[in-house]
Amino acid sequence: MKRTGVRKAADDAAQKKDGRMAKSSAGFNAQSEIPSASVARLATYLHVLRSLSESGAMVVSSGQLATAAGVNPAILRKDLSHVGSGGVRGVGYDVGRLIARIALALGVEHNHNVVLAGAGHLGKALLGRVGFERRGIKIVAMFDADPELVGTTITAAEGELAVRALDEIGDICQEHGVEIAVLATSDADAQATCDAFVEAGVHQILNFTALAPSVPEHVYVRPVDFALELQVMAFNAARRHNADSAVVPHEQRSSGRAPRSGAKTRARSDQRSVGV
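Residues numbered from 1 in each chain as written. Predicted model: local features only at pLDDT ≥ 70, side-chain atom pairs only at ≥ 80, totals over all residues. Heavy atoms only, no water.

## A short note on the UniProt feature "binding site: NAD(+)" (unreviewed entry) in the chain
Here comes step 1: Within this numbering scheme, the UniProt entry marks G118, A119, G120, H121, L122 and G123 as carrying the feature "binding site: NAD(+)" (unreviewed entry).
Here comes step 2: Relative to the helices and strands, L122 resides in helix 6 (residues 121-127).
Here comes step 3: Judged by relative accessible area, L122 falls into the partly exposed class, the value being 28%.
Here comes step 4: For L122, the contacting residues outside a window of four places in its chain are A184, F208 and F226. (UniProt positions renumbered as here; feature names shortened; annotations may be inferred. Helix = DSSP H or I, 4+ residues; strand = E, 2+ residues; numbered from the N terminus. Buried < 20%, exposed > 50% of the residue type's maximum accessible area, 1.4 Å probe, protein only. Contact = heavy atoms within 4.5 Å.)

The structure is reproduced here in structure tokens:
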């Protein structure tokens, strides 16, 4: 009886441990639970870590990684908690292990095939950007509506691509198992091209056009609007300028003399840390 009781207790302990491990593993793999802001920063950390790995670094501290990524160390540690970072206090993070954990959490442990529609100046510029495959992205095809461009070859940073007609989208996407597409066509061709992507089974579309295409609920379209981003930057610049200008009158009213040399610098530094 005593042996049976001991064995039962051991079995119960093992089951509890397995349950905790399963729950922990599920937490690390539940990508939908990672906040979108953290996802964007994790992608930056992954890029920095891969660069460190290529330079021969094996361990990195949270402070070093935060500085290289341009974020607050506290924010970095919170972001890494979503992927089970496994850092060692006083030592840092194993670079290779952290790369693997972040890549798994972001779903980029293997390459995702992506297609790009629009062989104009923007499309060519996007293809010329270096480092897609290092980030788990492989551009496998390019399309355009212009018959003069169809059949030509464009030199990309990671190879050459032949420009294909829009009516080939379905066959190419199915052949390569494409789930992500980039929309950089003219506004006039945007909706028809988007429809072709959706019909081919593409569920994620990065939209560089000024048109907001109509898509089914299960398709996610992420707009990239340069003008809008610049407007946001202009607003932030104006807000910072107003805040900096308010420092001098406030200190003059309080002390009746010019502000200390570091006051304005501290105000600017405080605002920068809040915005991280």
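## Topic: the sheet that holds strand 8 (residues 204-207)
Here comes step 1: Here seven strands make up an open sheet; going across it, the order is 5-6-4-3-7-8-9 and the pairing mixed. Sheet topology places strand 5 (153-156) and strand 9 (220-223) at the edges, where each strand pairs with a single neighbour. Ignoring strand direction, the axes of neighbouring strands in this sheet form an average angle of 25°.
Here comes step 2: Bridge count for strand 8 against strand 9 is four bridges, and the pairing is parallel. Bridging from a neighbouring strand, L206 pairs with R222 of strand 9.
Here comes step 3: Of the strands in this sheet, strand 3 (112-117), strand 4 (137-144) and strand 6 (159-165) touch helix 7 (residues 169-176), which is tilted by about 165° from strand 4.
Here comes step 4: Contacting strand 3, strand 7 (180-183) and strand 8, helix 8 (residues 187-199) runs over the sheet at an angle of about 175° to strand 7. (Pairing = 2+ DSSP bridges. Axes fitted to C-alpha atoms, helices over the stretch in contact; angles between N-to-C directions.)

## With respect to the pairing of strand 7
Here comes step 1: Pairing between strand 3 and strand 7: four bridges, direction parallel. Counted as the bridge partner of A117 is L183 from strand 7.
Here comes step 2: Sheet analysis places strand 7 next to strand 8, joined by four bridges and oriented parallel. Within strand 8, the residue paired with A181 across the bridge is I205.
Here comes step 3: Crossover strand 7 to strand 8 through helix 8 is right-handed. (Right-handed = clockwise from strand over helix to strand, strands pointing away.)

## Focus on helix 8
Here comes step 1: In this model, helix 8 (13 residues) spans 19 Å end to end at C-alpha, consistent with the 18 Å of a helix rising 1.5 Å per residue.
Here comes step 2: Lining the buried residues of helix 8 we find strand 3, helix 7, strand 7 and strand 8.
Here comes step 3: Note on helix 8: the residue one or two positions beyond its end, G201, has a positive phi of about 95°. (Expected span 1.5 Å × (residues − 1).)

## Quick word on the pattern of salt bridges
Two side chains that carry opposite charge are able to pair once their charged atoms sit near each other.
Here comes step 1: Applying the stated criterion to the full structure yields two salt bridges.
Here comes step 2: Two residues, R164 and E168, come together in a salt bridge whose shortest N-O distance is 3.3 Å.
Here comes step 3: Owing to a relative accessible area of 32%, R164 belongs among the partly exposed residues under this scheme.
Here comes step 4: What makes E168 partly exposed here is its relative accessible area of 28%. (Salt bridge = Lys/Arg side-chain N within 4 Å of Asp/Glu carboxyl O.)

## Some points on the environment of E217
Here comes step 1: Within the secondary structure, E217 is located in the loop between strand 8 and strand 9.
Here comes step 2: Of the residues examined, E217 reaches a relative accessible area of 85% and is grouped as exposed.
Here comes step 3: Considered as a pair, E217 and H203 are 14 residues apart in the sequence and their alpha carbons are 9.8 Å apart.

## Details of the nonpolar core
Here comes step 1: Counting 22 residues, the largest nonpolar core has Y45, L49, L65, L76, L80 and I102 as its most contacted members.
Here comes step 2: Here this core gets six residues from one element, more than from any other, and that element is helix 5 (residues 95-106).
Here comes step 3: Residues within four places of Y45 in sequence aside, it is in contact with L65, A69, V71, I75, L76, D79, L80 and I102.
Here comes step 4: Ranked by size, the runner-up nonpolar core spans 20 residues in total, among them V115, V140, A181 and C194. (Core = buried A, V, L, I, M, F, W, Y, C linked by side-chain atoms within 4.5 Å.)

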